[in-house]
Structure formats: structure tokens, C-alpha cells
Amino acid sequence: MADLSLIRNFSIVAHIDHGKSTLADRIMERTGAVSKRDMRDQLLDDMDLEREMGITIKANRATVNYKSHGKSYMFNLIDTPGHVDFHYEVSRSLAACEGVLVLVDATQGVQAQTVANAYLALEADLEILLVINKIDLPAARPEDIALEVEQVLGLEAADAVFTSAKTGEGIDELLEAIVAKIPPPSGSVDKPLRALIYDAKPDPHRGVICHMRVFDGSFARGDKIDLMGVDRSYIITEVGKYTPKSTVIAALGAGEVGYFVAGIKTLADVNIGDTVTRASNPTDKPLPGYVPPQQMVFCDFYPGTGTTTAQLREAMEKLWLTDSSFTYNTVSSDALGIGFRCGFLGLLHMKIIQERLEREGDVSVVQTAPTVEYEVLLQDGSTMRIESPSELPDMSLVDEIREPIVLAQMIIPADCVGTVMRLSLDRRGEQKKTEYLSQTRVMLTYRLPLSEIIYDFYDKLKSCTRGYGTVDYEIEDFRADDMIKMDILVNGVPVDALSVIVHREKAQYRGRKLIARLKKEIGRHMFEIPLQAAVGGKIIARETIRAFRKDVTAKCYGGDVTRKRKLLESQKAGKKRMKVVGNVEIPQGAFMSILAPDD
Amino acid sequence: MWDRLANRSNTADGPKMTEWRRRRGKAVHLRDWKPLVQQVDSAQSMHETNVNHPANDSNCGLYVHLPFCETKCGYCDFYSVPTHGRDTAPLVFAIVRELKRRTDHIEQRILTIFCGGGTPTILPIDQLDAVLTPLGGLAKRHDSIEFTVEANPATVDDEKTRLMVSAGVGRVSMGAQSFFPSELAALERLHDPDDIPVSFATLRRNGVERINLDLIFGIPGQTLETWSQSLRRAVDLSPDHLACYGLTYEPATRLTAQRNLGKITPCGENLEAEMFELTTETLEAAGFKQYEISNYALPGCECAHNVGYWRNQPYVAVGPSAVGCIHGERYKNIADIGGYIRMIDERGDAVVERETLTGEMLVLEMVMMQMRLVEGLSISAFRARIGIDPRALFQRPIERLAELGKIQVSDTHIALTQSGRLVADRVMTQLVGEPATGPISLPVLSG
Ligand SMILES: Nc1nc2c(ncn2[C@@H]2O[C@H](COP(=O)(O)OP(=O)(O)OP(=O)(O)O)[C@@H](O)[C@H]2O)c(=O)[nH]1
Ligand code: SF4
Ligand SMILES: [Mg+2]
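Reading the values: the criteria
- Residues numbered from 1 in each chain as written.
- Chains lettered and ligands numbered in written order.
- Predicted model: local features only at pLDDT ≥ 70, side-chain atom pairs only at ≥ 80, totals over all residues.
- Helix = DSSP H or I, 4+ residues; strand = E, 2+ residues; numbered from the N terminus.
- Buried ≥ 20, exposed ≤ 12 C-beta atoms within 10 Å, placed from the backbone.
- Contact = placed C-beta atoms within 7 Å.
- Near = placed C-beta within 6 Å.
- Nonpolar A, V, L, I, M, F, W, Y, C, P; charged D, E, K, R; others polar.
- Axes fitted to C-alpha atoms, helices over the stretch in contact; angles between N-to-C directions.
- Parallel < 35°, antiparallel > 145°, perpendicular 65-115°, else oblique.
- Pairing = 2+ DSSP bridges.
- Expected span 1.5 Å × (residues − 1).
- Arc of directions from axis to C-beta.
- Domains from an automatic or database assignment.
- Core = buried A, V, L, I, M, F, W, Y, C linked by C-beta atoms within 7 Å.

A. Local environment of the overall build of chain B. Helix and strand counts for chain B come out as 19 helices and 17 strands. Considering chain B as a whole, with its 447 residues, one finds that 51% of them fall into the buried category. The long-range share in chain B, meaning contacts at least 24 apart out of those at least 6 apart in sequence, stands at 73%.

Structure, rendered in C-alpha cells:
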């Protein structure tokens, strides 16, 4: 077994884009885990979508060996995602570590997710190593930023390591600091096996691969283990590490991070956060495990043109078995037929799942506008949770509608405080705190309805802070407000999938905007289409889409065929993500009308 | 659904297929698969629709493109250039060479010939002769049923007309466009309205059997009244065929540029629709039957060559910018006179683009072309070539469109209704927009 004093387990956390994955590249390169030839940018971001979008979605891990002063250290590092939707990935990763590298961009300074992630590390009682990155940039102000971090997070500026994950500058110092500052794991090989499954992923050939951190004891191939939470036993068939390629090893012992394979068929059979122990000599102290991730936004997925409900269901089931961070349940819409109500961690998460469904499941998806969950108090004193406006019971039965309220922290330039306060007020925000991080930067804390911030709040915040503002939020509780349901009628028919829950005072404005947007999105048909927004049977906004009078190609001969066919092909492709209600074709964009930015 | 479709077609191996294998005398690879004739109902559908073109894949059309005009009309997006006194002979000879290469050993019967452009009739008489004589030879050899030349008013005289007639040209298509000078000016057309009857008389006097007149509606400044008069004056000349096109603002034309600059105001969708309706009424009352969205003919005088396009029949094409489609492959020649001459000199052809038609493409093309015909999409022709009943493939949109009164389905055809024709593009998009999609692995279709 490895000598515990030579092991360092740490995660890299930061605000989005501050350079975590690039720093992981440099660490792997400098320690020789990956040769220059095999190196590519953000090597650990191995999903297609991660590479296309340039962001990390899933936490990734690597074990590297670092030689220093005649000793060979084992570093188990975890690169985490920075985006707010994936906080749970960070929390999970931290439970496998003794330390974290909190990375801060030397030009941007502390941002909302820097604070949120650093707090996660503090709460987990981990050793924090402050790294100021991107010092190669001309606008870098590493010393100022280090002081700012000290001010905000109470981390010693003097202890900061300055790096450039791009040029490699400061990486040697960083590796030394990791050895010096991050404590080695405690734990004992001699105690009964106690290991945490901090993540898992399916493999088409081997079954589920469980990523784990061993706290006590050890195990090897052939051992019989117990998953304590689900109370099932398995025989280990493979033990390994990511170096960063998956590499089979003989055994894993206390303090180490690695993986095992044990003939577990699907992800549904494991609990992330579960404790692994030995069947013959179990531990009596299971690890605390995880709180399951909380879905914040909900929307319906319906099969698009050319996809059946059965195909969509199969695709969802398959995807869920690779990533269980979303939820789905069958729903039936009067207008759209059978589909699935899905829950997501945020809008980015929703977009990613939808994209993966279409790509990996080869289905087309029509999706309704995302909404938050509401708590409804009924006249009879009972309460219910609804994840879609269409679930709202008749208003005569409803006593009050409660909506989720988040605690939001915004970090903005000091001269933008006024505008951001106005924005927050307009979004029904309640100010809690104003803290100066430095002379030029302020952290505002607000209580805000989640429904007011999930759509365009971030964009709005960016635009009124010259792009500098960032926000992080967490659900606090549910609070009653004057919410009502607005129905949308297309060609005289109410389309349940278009209804929305809005604040009474905003209904008129939202209704008009929504209808105007729908008019654009639905477009002209071969007949006239009236559009109406109604609250409690009363029409509050209306528009009419004029009919096409003439739309016909005058000439189409032998030389025109290819061009005209290509046009038809593109129009046909455009119809894939579309639903027909009555005789009206409602394209995907129309369902998102409520999200249309304010003009 | 597409899987089934592909399977079905892969195994389709009718009597004609066997004949073709015999003719080739060797094993057939799937990728070579080119059914010849699968038009099981040609006789029957001819009967019902009286459009005079025996659809049959062992026939083909021949198109020759002569890209010269006196000046360039403002709305025109054909490949044609003003002659400006340049020597047209080198191009004419290159075209004749390509023609020979493409037709000397052709397997198909050349059923129809269409010599267009441009304005073929502005060529000097000897060059016109150099083109028409070999075409006439082909028409004889193949017993072609139609030989058309395009002309413009004021470009035909007795001598040229006699040459055409003696070469075997039985049909002349003349671009009249409008009988109002202001409208012709808006189109930047060169001729005088009075040239139209004069040239028309020249054609008739010298024995041209069939004459088509092209007219345009929706011209900026045109009214329902002037359009009605143009129609009546055209009818008064007793043509056999009329093509009435709604003016199209093609990209990269002067007309479109002017519109985008706000210098001209298009006529508007409502007026255009009324003009379209007026056209059908007027011409049908005068004995012309609409057989395609923009085409009207006296019974039996439909343009067989164009019907070939609309029935997705193969066609060979010759000349700069010309597009041919034969043996399941479409090709396009270079749209540049100098480049064309060079390529023909150097390698005998001038093809710059090719595409192999997949089953999926063919489905769209059959809908897009056949639905233009008043008779509509032939159910049996579609089944023969695609291997599936279009009524099943497009079941849901057919129901919706029929309910809206835009299409009607008979035992043999799916066709636009009169009101459907006004919004034909929409209808077609809707029709093909809904069937199951997915990879389709049909072999090359259509010969
Ligand atoms: N100039 C410079 N650019 C850097 C440095 N480190 C990272 N970058 C760039 O910053 C961008 C984001 O880097 P990533 O490593 O993907 O950032 P991340 O923190 O992993 O981002 P998420 O995983 O999406 O949260 C990329 O374009 C990197 O090339 C650095 O030290 N200097
Ligand atoms: S005469 Fe015909 S081909 Fe020539 S420029 Fe005018 S429209 Fe185009
Ligand atoms: Mg990353």
C-alpha cells in the first residue's frame, strides 16, 4: 500500500473559465502523466459537448506522480465544473479530498462562484491553497487580486501561488505548495474498509465504474464488498486509477482515490455518496453521503416531428443511466400529447440534457418553456407542489401560490450598484446586504424569486455591469405572492403547454410581450390565426397572424431542381422541432416565447 | 419507415430490371442500380390527364443552352450575357461538340428537344444552322415528339424562321412578357409591344406549328386592368400555349437590388394573388387549360419537354450553365463562356458540379416537381420509384391539407386544389415536413 504521507488529494475549484482544466493540463504535463505529444487543451474535458462549449460539465479526475526531494508523491486531483448549475459536482468531489486549489483569475478577481465554491471548501473543513492564475495576461493584477481574496474569503494573500496555466509559469511552485500545504490523508489500512463512491459512470462493456475514495482499509480484485446504502454485495472484478487513462492496479488502500468495477449493471443500482465496505468485516461507521442534487427548473419534453413517444422514452431512459442529475416523469398535455416533465439543476443543465438527448438518442425534442416549482396552498388547508402551470388546480380552490425564493450573491463594480439595485427591485428582490470587497467592487446579497432570475437575469446583470457582474444563488424557501395563471389561446384553442404563472402586476405586460413574440415565432399560415392571452377567462392581450395569400414558386424547370430541393430540405429540417396544435404549426421557438428578452 | 422503404427498394427487381441486367450482361452492384422503366401506369395516367408526355425512364429530354441576349433584362437570373458584337462562333462550336459527345451513344430515346437560353434566335444564321441541324438530325433519328426553340420578339425574321422549320422545329416559345411599354421598361426588356404580333405573324407565316407566349404578372406598376389587357391581347394572337409567371425577385438581379434600395415597389401579395386568379379564369374561358402552376395550353398542346421535368424524367443538357440529370446523377456545366470552351477543348465536358440522387432527395423532388402539375403527384409513379405509397408516407399532412381544402387525393394522384396552387410552396413544405426522417440508404434511383 502507498505511504499515506506521500498522498495528496485535492480538487481544483473556481469561477467558470478561470482556468481549472487548463491548470490540470499543466499539472499532468509537468508530472509526466501525459506526454507533450498526447497533450491537448483541457484534456480532461472528454465529452463532445464540453469540448464544443469550452466548459467543464462533469468533474474529472487524474492520478499523477510527483517527485520532489527524492520522494515520489501521489497526487489525486479532481477538476470540477465552475458553472452554478453544477455545484453538486463540486460538493461531491470535495468529499474525496483533504484540500482544494481555489483558483482566481488575475484579471477578473473574485467572482460569485469563487465565493460559493470556496465556502463549500470551508464548510467541508478542507485546506485551501489560493492560486492566482492567468498572470501572463497584460491586465493581470495578481497582488491586488490576492488582497481582494484575503478581504473576501479571509485567505492569506501572502500564501497565494501565482501561476499561468497557459505558459506553465509558477507550476513548479504550485506543485511544491501542494506537497507542503495540503495535508496527507489520515485513515488506516488496518481498519475495516470504508470507502466513498463520489461518482460513477456506466461503461458499455464493464458495467458501472464507481469512482471512489478509500478512507480506511483496502481492497483488491476478487474481494466481496457491500454497498451499505442499497445493502447489496458484489465481487470486485477490477480496481484501477485514472492516470488519466484508466489503468488497472492490484489494490487500493486508505487515502487513495481510484475506481472499481464489480458487475454492477446500471447506474440505478448505485447511490452516489454510498459507503463501500467489506462484506466479511464491515465498518460500523458509514460515511455521511450526499444530499441529492436539487432540481430548480422544470419543463416538458415532447417528441418532435418524426420521433415517437416510445423512442423519446427510450432515449431518456438511456441518458438517465449515464447522468441521473435530471428527473423525468410521463405527462400528458391536451395540446401536445404524451411527453415527459423533466427537472433540471438550471437552464444550462436543461440545454445540455436536451442536446445530448437529440444527439445520443437520435430523437427530436420539442420542449416547453422552463418554469420553477410552485407550492400551492388549497382552500382545504392541504398543500401541493406543481412543476408546471398546467398542473395548477382551478383558482377557486387555491388559497395561495408560493414560489421558491433564492439567496443571491452578486459581485459587481461599485459604480453599478444603483443600476443593479433597480434591476433587483424590478425583479421583486429584497436587499439583504451590501459588502465592499475593495474600493471598486461590491457584493450585494438579495432574496429574489427564482422565477425572476433563471431566465434572463444573468444577461441583464451582465449588460448593466459592463460584463463584470456575476451571480450565484441557492434556494432558501418558498414564499407566497400574488401569482396568477395566464392562458394562451392559439386559433381559439387554449394551449396548455404555453400557459405561464406570473405575478399579477406583471400579467398585462408579460401577456402582451408573449403574444407579440408568439406572433413572430408561429408565423403566417394558410389561414388567419388569432392569438390571445387570458387570465381567468378575461382576454388581456391579443394579436392576429395574417394568412398567406400567395406563396408559390413561379418557375421550376430542370436547372432549378437542386436549389429548390435544398430549400425544401432546410424547411423540412426546420419542422423537426415543431408541434401541430389544431392545424397550427407551433415551432420550438414559440414555446420559449416567455423567455424572450425584454426589448 | 425509411428502413422499410430502403429495403423495399433494394429488393425491387421487376421485369425491366432483369432486362437491364441482361443488356449489361454482367452482375449488377447495388451502387450501380438504375432501374429503367418502372412507370407501371403511364398509359393509364396519360389517359386521365391528357398531358402529352409518355413518362418513361428509357426516354429523356435534351436541353441546349445558348447564353446570348441582346441586353440583360433586370429580373433575369439565367446565365446569359449580352453579345455586344462579340464572336459567338467559338462557343457555338464548343456546344456542338458537347452535344455530339453526349448524344452519339445515348441509350435513351430523346423524346423532346428544347433549345433555350438566352435568346438562341439572335445568333447569326449560319451559327443558328450549326446548332439546329444536328438537333434536327437527332430529332429525326429518335423520332422526337417535340422540338422547341426559344425566341424573343424582334429577333425572328422569315429567313431564321424558315431555317428553324426546315430543321424540324415545331414549337417556338416567345418571351412577350407584357403589352405595355412602361411594364416592359420596368422589366428592362428591350422590345416594343408592337414587335410581338409582328414576330408572331412571322412564325405562323413560315409554318411554325405551335407557339407559346411567355407573360409576366406582378410587375411594379402593373394593375389588374393592364394585366387583363395583356392576357387578352396575347389570347387574340391565337397561341397554342401560354406561360404566365408571377414576377420573382431573384437574388443577385438588378430588379432585386432596386427593390432593396426602395427604388421600386413590388405589387404586393394581394394583388399578385388576384392577378393569378384572373389568369386562370381568363385563359380557361378562352379554351386554355392550366396544366401546371404557370402553364396553360390548348388541349394536346402542353409542352412535353417541360412535362418531362415535372414528371422527374431524365434529361441531358448541353451548354454553359446547363443542368442535366441522367442515370441518377445531376450535373451542372460551368457558367462561364471562356471556361466552357476551354473545358470542352481540354476534356470534352464542362461539368463543375455533380450530385448523386439519394432516395430521400428523390422523394422531395418528386413532390416538388409533380405537385406543380395540375394532375398532381402520381401515386403509382411514386410507388414504383420509391417503393412506398405516398398516401402512407405523408398520411398526416395529407389529412390536414385536405381538410384545409388545399389538396385533393384521388385513386391515382395527390393534387393541389385551385386554392392550394396559390400557396403551393407552403403546401409542399407541409407535405414533406412531417414523415419520419432518418438515414435512408436507397441506391441511386432514376435513370
Ligand atoms: N492567458 C491565459 N489564459 C488561460 C490561462 N488559464 C486558462 N486560460 C484560458 O481560459 C479559458 C478557460 O480555461 P478553462 O481551463 O477551460 O477554464 P475552467 O476553469 O476549466 O472553466 P469551466 O470548467 O468551464 O469552469 C481557456 O480559453 C483557457 O485557454 C492562463 O493562465 N492564461
Ligand atoms: S431575354 Fe430572357 S434570357 Fe435574355 S436576359 Fe432577358 S430574360 Fe434573361
Ligand atoms: Mg474546466
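That covers the picture; the talk isn't over yet.
B. The site of ligand 2, seen in detail. In the neighbourhood of ligand 2, the contacting residues comprise B:Cys69, B:Lys72, B:Cys73, B:Cys76, B:Phe78, B:Ser80, B:Gly117, B:Gly118, B:Thr119, B:Asn152 and B:Gly175. Its residues assigned to classes, the shell around ligand 2 shows four nonpolar, six polar and one charged.

C. A look at the site of ligand 1. Residue and element names in this part refer to chain A. In the vicinity of ligand 1 lie 21 residues, with Gly19, Ser21, Ile55, Thr56 and Gly82 positioned nearest. Take the shell around ligand 1: its biggest share by element is three residues, from helix H1 (residues 20–30). Of the residues in the shell around ligand 1, the class split is six nonpolar, ten polar and five charged.

D. The arrangement of the environment of B:Val131 in detail. Residue and element names in this part refer to chain B. Along the chain, Val131 turns up in helix H5 (residues 125–142). The exposure class of Val131 is buried, given the 23 C-beta atoms found within 10 Å. Taking the C-alpha atoms as reference points, Val131 and Val96, 35 residues apart in sequence, are found 6.3 Å from one another. For Val131, the contacting residues outside a window of four places in its chain are Val64, Leu66, Val92, Ile95, Val96 and Cys115.

E. Focus on the packing of helix H14 (residues 359–370) of chain B against helix H15 (residues 379–386) of chain B. Residues and elements named next belong to chain B. One can describe the packing of H14 onto H15 by two numbers: an axis separation of 11 Å at closest approach and a directional angle of 170 degrees. Here H15 runs roughly antiparallel to H14, going by the angle between their axes. Contacts from Gly359, Leu362, Val363 and Met366 in H14 reach Phe382, Arg385 and Ile386 in H15. Partitioning the contact of H14 with H15 into residue classes produces five nonpolar, one polar and one charged.

F. Looking closely at the sheet that holds strand S15 (residues 377–378) of chain B. Residue and element names in this part refer to chain B. Strand order in the open sheet made by the three strands is S15-S17-S16, with antiparallel pairing throughout. In the strand order of this sheet, the two ends are held by S15 and strand S16 (407–409), each with one partner. The sheet contact formed by S15 and strand S17 (residues 413–416) spans two bridges and is antiparallel. In the sheet register, Leu377 faces S17, and the bridge partner there is Ile414.

G. Main features of the sheet that holds strand S3 (residues 71–79) of chain A. All names here are of chain A. The strand order S2-S3-S1-S4-S5-S6 describes an open sheet built from six strands, whose pairing is mixed. Either end of the sheet is taken by a strand with one partner, and the two such strands are strand S2 (60–68) and strand S6 (161–162). Helix H6 (residues 171–181) contacts strand S1 (7–14), S2, S3, strand S5 (127–133) and S6 of the sheet and is inclined by roughly 170 degrees relative to S5.

H. Just helix H5 (residues 142–153) of chain A, in detail. Residue and element names in this part refer to chain A. Under the 1.5 Å per step criterion, the end-to-end length of H5 is 16 Å for twelve residues, consistent within 8% with the ideal 16 Å. Looking only at H5, the buried set comprises Pro142, Ile145, Ala146, Glu148, Val149 and Val152. The buried side chains of H5 occupy one side of the element, clustering within an arc of 160 degrees when seen end-on. The first or second residue beyond H5 is Gly154, which carries a positive phi of 70 degrees.

I. Representation of unusual backbone geometry. In this structure, the amide linkage connecting A:Thr243 to the following residue, A:Pro244, adopts the cis form with an omega of -5 degrees. Structurally, the position occupied by A:Pro244 is in the loop between strand S12 (238–242) and strand S13 (246–248). In this structure, B:Gly118 follows B:Gly117 across a cis peptide bond, with omega equal to 25 degrees. Considering the arrangement of structural elements, one finds B:Gly118 in the loop between strand S4 (109–117) and H5. One non-glycine residue, A:Asp231, adopts positive backbone phi at about 55 degrees. Residue position: A:Asp231 is located in the loop between strand S10 (224–227) and strand S11 (232–235).

J. View of the pairing of strand S1 (residues 59–66) of chain B. All names here are of chain B. Within S1, eight of the eight residues are buried, which leaves the element mostly enclosed by the surrounding structure. Here S1 shows no split at all, with Asn59, Gly61, Tyr63 and His65 on one side and Cys60, Leu62, Val64 and Leu66 on the other all buried. With eight bridges connecting them, S1 and S4 associate as parallel partners. Looking at the pairing, Val64 lines up with Cys115 of S4.

K. Highlighting the environment of B:Gln430. Residues and elements named next belong to chain B. Along the chain, Gln430 turns up in helix H19 (residues 424–433). On the neighbour-count criterion, Gln430 (27 C-beta atoms within 10 Å) is buried. Linking Gln430 and Leu132, residues 298 residues apart in sequence, is a C-alpha distance of 43 Å. With near-sequence residues (within four places) excluded, Gln430 lies in contact with Pro397 and Leu401.

L. Structural detail: the interface of chain A and chain B. Taken residue by residue, the interface counts 26 residues in chain A and 41 residues in chain B. Considering only residue class, the side of chain A that touches chain B consists of nine nonpolar, eight polar and nine charged.

M. Examining the domain arrangement of chain B more closely. Residues and elements named next belong to chain B. The domain boundaries assigned to chain B delineate domain 1 (31–51 + 359–431) and domain 2 (59–310). Taking the mean C-alpha position of each, domain 1 and domain 2 sit 27 Å from one another. Contacts between domain 1 and domain 2 engage ten residues on the former and twelve residues on the latter. Mapped onto the side of domain 1 that touches domain 2, the elements with two or more residues apiece are H14 and helix H18 (418–422). Per-class residue counts for the side of domain 1 that touches domain 2 are six nonpolar, two polar and two charged.

N. Representation of the domain arrangement of chain A in the model. All names here are of chain A. Partitioning chain A into domains gives domain 1 (4–181), domain 2 (194–278), domain 3 (297–367), domain 4 (375–472) and domain 5 (484–595). Between the C-alpha centres of domain 3 and domain 5 the distance comes to 22 Å. Listed as interface residues are 13 residues of domain 3 and, on the opposing side, eleven residues of domain 5. In terms of residues, the side of domain 3 that touches domain 5 owes the most to one element, strand S20 (residues 365–367), which gives three residues.

O. Summary view of the nonpolar core. In terms of nonpolar packing, the biggest core is built from 165 residues, with A:Val100, A:Val102, A:Leu130, A:Val131, A:Ile132, A:Met212 and A:Met410 touching the most fellow members. Considering each element in turn, this core owes the most residues, seven residues, to strand S23 (residues 398–413) of chain A. Once you skip the residues sitting within four places of it in the chain, A:Met212 turns out to touch A:Ala195, A:Leu196, A:Ile197, A:Tyr198, A:Gly258, A:Tyr259, A:Phe260 and A:Val276. If you look at the next biggest cluster of nonpolar residues, it comprises 121 residues, including B:Val64, B:Met164, B:Ala243 and B:Met371.

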